[in-house]
Amino acid sequence: MAGSKATFEDEADRFEKPVFSAVIRPHRSLSPHGFRIVMALVCLTSIVASLPFVIMGFWPVAGFFGLDFLGLFIAFRISYRQGQAFELLELTPIRLLLRKVSERGEAHEWLFNPLWTRLDREVDDEFGLQELALTSRNQHVVIARDLSPEERETFADAFSQALSAVKRGY
């Protein structure tokens, strides 16, 4: 009996083990260290550029340079905050889980049956793969928006192969 129980547990583990798993995050080209360097250079440039105006008595100009610096700082902080969002896509032989987490930590989840799910592609001749979506019955959910068209194509190929393998019986 013990042997058959272990076999049953191994089968259950096999169906829960991910065949494909991916986390998609928005790309940020500037590292935190690079951000500090850019902000330091902008601050230094603002001070040097506003100094002649202050000496001539046009001191309000320095305030406008400070507002430009503040606006740039706020824009970068918002961008970095939006970069905390991500998508998790996990495919097992019995389920396909899509979890989208916003920059605020709000999570939305979709569960699909892999046998009834297809990956739809919207391709533009000039710009490449523009949109990927999971479609199953009445659900149509766009995925991988944060990837470039080339990255989206690579992702779509890998995911399609995994989905086909699951549909063939893994």
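Notes on the structure in this doc start here. (Residues numbered from 1 in each chain as written. Predicted model: local features only at pLDDT ≥ 70, side-chain atom pairs only at ≥ 80, totals over all residues. Heavy atoms only, no water.)

1. Focus: a nonpolar patch on the surface
Right, so step 1: A grouping of Phe64, Leu67, Leu70, Phe73, Ile74 and Ile78 is seen on the molecular surface, where their side chains present a nonpolar patch of about 580 Å² in accessible area.
Right, so step 2: Within the fold, isoleucine 74 resides in helix H3 (residues 60-82).
Right, so step 3: Isoleucine 74 sits in the partly exposed class, given a relative accessible area of 43%. (Patch = residues over 30% accessible without salt bridge, like charges linked within 9 Å, V, L, I, M, F, W, Y side chains within 5 Å. Areas by Shrake-Rupley, 256 points an atom, 1.4 Å probe, with all protein chains shown as cover. Salt bridge = Lys/Arg side-chain N within 4 Å of Asp/Glu carboxyl O. Helix = DSSP H or I, 4+ residues; strand = E, 2+ residues; numbered from the N terminus. Buried < 20%, exposed > 50% of the residue type's maximum accessible area, 1.4 Å probe, protein only.)

2. Some points on the sheet that holds strand E7 (residues 139-143)
Right, so step 1: Taken together, three strands build an open sheet; the order of strands is E5-E6-E7 and the sheet is antiparallel. The sheet is open, and its two edges are formed by strand E5 (118-124) and E7, each paired on a single side. Adjacent strand axes in the sheet meet at a mean angle of 30°, parallel and antiparallel pairs treated alike.
Right, so step 2: Together, E5, strand E6 (128-136) and E7 form the strand contacts of helix H4 (residues 149-167), whose direction differs from that of E6 by roughly 30°. (Pairing = 2+ DSSP bridges. Axes fitted to C-alpha atoms, helices over the stretch in contact; angles between N-to-C directions. Contact = heavy atoms within 4.5 Å.)

3. A few points about the nonpolar core
Right, so step 1: Ranked by size, the top nonpolar core spans 22 residues in total, and within it Leu89, Leu134, Ile143, Phe155 and Phe159 carry the most contacts.
Right, so step 2: Elements with a contribution of two residues or more to this core: strand E1 (20-24), strand E2 (86-91), strand E3 (96-101), E6, E7 and H4.
Right, so step 3: Among all residues touching leucine 89, those that are not within four sequence positions of it are Phe20, Ser21, Ala22, Leu96, Leu97, Leu98, Leu134, Ile143, Phe155 and Phe159. (Core = buried A, V, L, I, M, F, W, Y, C linked by side-chain atoms within 4.5 Å.)

4. Quick notes on unusual backbone geometry
Right, so step 1: Even without being glycine, arginine 137 reaches a positive phi, approximately 55°.
Right, so step 2: If you trace the backbone, arginine 137 turns up in the loop between E6 and E7.
Right, so step 3: In this model, alanine 144 sits at a positive phi of 60°, which is unusual for a non-glycine residue.
Right, so step 4: By secondary structure assignment, the location of alanine 144 is in the loop between E7 and H4.
Right, so step 5: Given the relative accessible area of 0%, alanine 144 is considered buried.

5. Quick word on the packing of aromatic side chains
Right, so step 1: Tallied over the entire structure, the rule returns six aromatic pairs.
Right, so step 2: Their ring planes at 65° and their centres at 5.8 Å tell us that phenylalanine 20 and phenylalanine 155 sit as a pair that is edge-to-face. Of this pair, phenylalanine 20 sits in strand E1 while phenylalanine 155 sits in helix H4, placing them 135 residues apart in sequence.
Right, so step 3: Given the relative accessible area of 13%, phenylalanine 20 is considered buried.
Right, so step 4: With 6.2 Å between their ring centres and 5° between their planes, phenylalanine 155 and phenylalanine 159 make a pair best called stacked. (Phe/Tyr/Trp six-rings, centres within 6.5 Å; stacked < 30°, edge-to-face > 60°.)

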